[in-house]
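Fold and geometry: a report
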Amino acid sequence: MKTKQILIASILFISFTSFAQKEELKALKKIYAKDEIKGEDLSEYKSLVNKVLPLAIEEGDKVYANFYKCMTPILESLSIDKSMTPIQIQVAYLKFLNPKSISDIATGLNATLEYEKKTGKKIQTDDIYETITSFRPELLNYADALGKNKNYKEAANVLYSIYQLDKKDLETLYYAANFAIEGQDYESSLAYYKELKQKNYTGEGTNYIAKNIASNLDESFGSKETRDNMVKLGTHISPREEKNPSKKGEIVRNIALILIQQDKLEEAKLAIADARKENPNDVNLITSEADIYLKANDIVNYQKLINEALEKNPNNGVLIFNLGVTSANAGKFDEAEKYYRKVIEIQPTYVDAYTNLADLILKPDSKIVEEMNKLTTSDKDTKKYEALKIDRQKLFSKAMPILEKAHELEPKNDVVKSNLKSVYSFLELTDKVKALKAEQ
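Residues numbered from 1 in each chain as written. Predicted model: local features only at pLDDT ≥ 70, side-chain atom pairs only at ≥ 80, totals over all residues. Heavy atoms only, no water.

A short note on the overall build of the chain
Note the threshold: Elements are defined by DSSP. Helices are runs of H or I of four residues or more, strands are runs of E of two residues or more, and each kind is numbered from the N terminus. Only C-alpha atoms enter the radius of gyration; for comparison, a globular chain is expected to reach 2.2 Å times N to the power 0.38, where N is the number of residues. To sort residues, take the accessible area from a 1.4 Å probe on protein chains only and compare it with the maximum for the residue type: under 20% means buried, over 50% means exposed, and anything in between is partly exposed. Note on definitions: a residue-residue contact is assigned when non-hydrogen atoms from the two residues lie within 4.5 Å. Per-residue and other accessible areas were derived by the Shrake-Rupley procedure at a 1.4 Å probe size, with only the shown protein chains allowed to occlude residues.
In terms of helices and strands, the chain carries 22 helices and three strands. Expected size for 440 residues packed as a compact globule is a radius of gyration near 22 Å; at 34 Å, the chain overshoots this value by more than 25%. Considered along the principal axes of its C-alpha atoms, the chain spans approximately 115 × 75 × 50 Å. Counting the 440 residues in the chain, one finds 40% classified as buried. In the chain, 54% of the contacts between residues at least 6 apart in sequence involve partners at least 24 apart. For the chain, the exposed area adds up to about 26,000 Å²; of that, 52% sits on carbon and sulfur atoms.

What follows is the structure in structure tokens.
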């Protein structure tokens, strides 16, 4: 009998709980539907959300409880005193809207849309689409402000949340990927770029532009009709159109570059091959492929690709400098010197070429010193010591004007100053050592 009483009590409790949550959901819906949200409405709304969330058991109740919870920041923004200054209103918005709350809004709204699509009952669907349309400009402005403040990762998160609310808005996903790279969130950027590639996004289109008479700045419009209307109203002049080039090559290139950065070399090779199909003459892609082989210590293919890039851009100092570095690392010092001198010839301000050339010239010095240290005090060894000392002086004298030029180009470069000081000291150029010290 007691067991039956406990069972009846449990059923009664569940029934009461279900009734309570239904009533609270009705109350939430009533507040949510108000045209104007006041402070007391908002307080009651938040209280009801906190009560209904732990009570929700059925799928539908859970979906709508989460819907009302995620919409709390939207209602908070609607309750802001509109008589405040624009700056005060913006500050107030930021109390409610942040990357986390925007992500929660996107998740909650999408879950509600999916549930209503499944059940065939459009209770909030129309309102959700209206909310997305009306708040999208505010969210985009917020993402833009985050980007301008160099909060790139947060800006990417907000843009991705906006994209989640409208999966046809691939341009927003593209900018989310770019911001993610700026914020060094390579995993997210890679996922975004792969999605863009999978959806065959190119970014091609037309910009409808006209000059704002008040600001004297060009403005871009979403359609020709909107632009032309602004010109007719007299607020804008000089209408023109610009074609957006395809971003497909950039997307596949960035996928490859991120994979290289993550040391996923085999996957990067496939991505680069794909990217080069889109842009066979892109020098950046060729050098990126070369980087893969450099990381794999395949110097032959690395140099082959760099030379291919040089055929397309023969005066690219960076490419030639890189050939010098790999030649030096491979022990081909004469070849490396040739490349460094070529860089200096075509790009006389390339400081690293001077410092690397000086290092290359001084490279035999360590062996000379090692040989000198092995010598005895015999007459024969003494003569050899003096000859080796002259060889060292020749090396340092040859390197000196190169380091002096590097110092002239970058007087505050500590590495250059330190190397130049060592050269002056060895050559016993005391006055020059003092002058170099006096600069510090």
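Considering the pattern of salt bridges
We count it as follows: Just to be clear on terms, a salt bridge is a Lys or Arg side-chain nitrogen sitting within 4 Å of an Asp or Glu carboxyl oxygen.
Counted according to the given criterion, the structure contains 23 salt bridges. Here the salt bridges share partners, and the residues they tie into one network are K224, R227, D228 and E241.

Here's the deal with the packing of helix α12 (residues 248-261) against helix α13 (residues 265-278)
Threshold: Here an angle of 0 to 180 degrees is reported between the N-to-C directions of two axes, which are lines fitted to C-alpha atoms, with helices fitted over the stretch in contact. Here the angle decides the label: under 35 degrees means roughly parallel, over 145 means roughly antiparallel, 65 to 115 means roughly perpendicular, and every other value means oblique. For any pair of crossing helices, the crossing counts as left-handed if the nearer helix is rotated counterclockwise from the farther one by less than a right angle, and right-handed if it is rotated clockwise. Polarity classes work like this: nonpolar for Ala, Val, Leu, Ile, Met, Phe, Trp, Tyr, Cys and Pro, charged for Asp, Glu, Lys and Arg, and polar for all others, with Gly in that last group.
Contact pair α12 / α13: the axes reach a minimum separation of 8 Å and the direction vectors enclose 160°. Comparing the axis directions of α12 and α13 gives the class roughly antiparallel. Crossing of α12 over α13 shows left-handed handedness. Along the contact surface, α12 presents K248, G249, V252, R253, I255, A256, L259 and I260, while α13 presents E267, A268, A271, I272, D274, A275 and E278. Class assignment for the residues of the contact of α12 with α13 results in nine nonpolar, one polar and five charged.

Quick look at helix α6 (residues 99-119)
Put simply, the test is: Here the expected span of a helix is defined as 1.5 Å times the quantity of residues minus one. Whenever two N or O atoms come within 3.5 Å, that pair is a polar contact, provided that in protein one can donate a hydrogen and the other can accept it, and provided that, for residues adjacent in sequence, both atoms are side-chain atoms.
Between its first and last C-alpha, α6 extends 30 Å over 21 residues, near the 30 Å set by a 1.5 Å rise per residue. The N-cap of α6, judged by a side-chain oxygen 3.1 Å from the amide nitrogen of K100 a few residues on, is N98. Of the residues flanking the end of α6, it is G120, one or two places downstream, whose phi is positive at about 80°.

A short note on the pairing of strand β1 (residues 205-212)
Applied cut-off: Should DSSP find at least two bridges between two strands, the strands are regarded as paired.
With seven bridges connecting them, β1 and strand β3 (residues 236-244) associate as antiparallel partners. Pairing of G205 across the sheet is with N244, part of β3. Relative to strand β2 (residues 217-221), β1 is paired through five bridges, and the arrangement is antiparallel. For K211, the partnering residue across the bridge sits in β2 and is D218. Hairpin connection from β1 to β2: four residues lie between these consecutive antiparallel strands, with N216 at a positive phi of about 65°.

Some words on the layout of surface pockets
Our working rule: In this analysis, the protein atoms alone were mapped onto a 1 Å grid. Cavities are point sets where a 1.4 Å probe fits without being able to get out; pockets are open sets with protein on both sides within 12 Å along at least five of seven lines; lining residues have an atom within 4 Å of a point. Grid points are joined across faces, edges and corners, and a volume is the space filled by probe spheres set on the points.
Roughly 460 Å³ of volume is contained in the largest pocket. The wall of the largest pocket is formed by 15 residues, among which N110, L113, E114, K117 and Y129 lie closest to the centre. Of all the elements in the fold, those that place two or more residues in the lining of the largest pocket are α6, α7 (125-148) and α8 (152-165). Of the residues forming the lining of the largest pocket, the biggest block, five residues, is contributed by α6.

Description of the sheet that holds β3
Spatial strand order, β2-β1-β3: three strands in an open sheet with antiparallel pairing. Each having just a single partner strand, β2 and β3 make up the two edges of the open sheet. This sheet shows a mean twist of 30° between the axes of neighbouring strands, independent of strand direction. Where helix α11 (residues 224-233) meets the sheet, it contacts β1, β2 and β3, and its direction lies at approximately 160° from that of β3.

A closer look at the environment of L305
Turning to its location among the elements, L305 is positioned in helix α15 (residues 299-312). For L305, a relative accessible area of 8% gives the class buried. Along the backbone, L305 and D291 are 14 residues apart, and their C-alpha atoms lie at a distance of 9.3 Å. Aside from chain neighbours lying at most four places away, what touches L305 is R276, I286, E289, A290 and Y293.

Some details on the environment of L357
When you line up the elements, L357 lands in helix α18 (residues 351-362). What L357 contacts, discounting residues up to four positions off in sequence, is E337, Y340, R341, I344 and I402.

What to know about empty space enclosed by the protein
Tallied over the entire structure, the rule returns three cavities of 30 Å³ or more. Computed from the structure, the largest cavity encloses a volume of approximately 50 Å³. Considering the residues around the largest cavity, the lining is formed by I74, I105, L109, T131, I132, F135, L139 and L165. Among the elements that make up the lining of the largest cavity, the one with the highest residue count is α7 (four residues). A per-class count over the lining of the largest cavity returns seven nonpolar, one polar and no charged. By volume, the second largest cavity amounts to about 40 Å³. Around the second largest cavity sit I132, R136, L139, I162, L165 and D166, which together line it. Secondary structure elements with two or more residues in the lining of the second largest cavity: α7 and α8. Of all the elements, α7 adds the most residues to the lining of the second largest cavity, at three residues. Taken together, the residues of the lining of the second largest cavity break down into four nonpolar, no polar and two charged.

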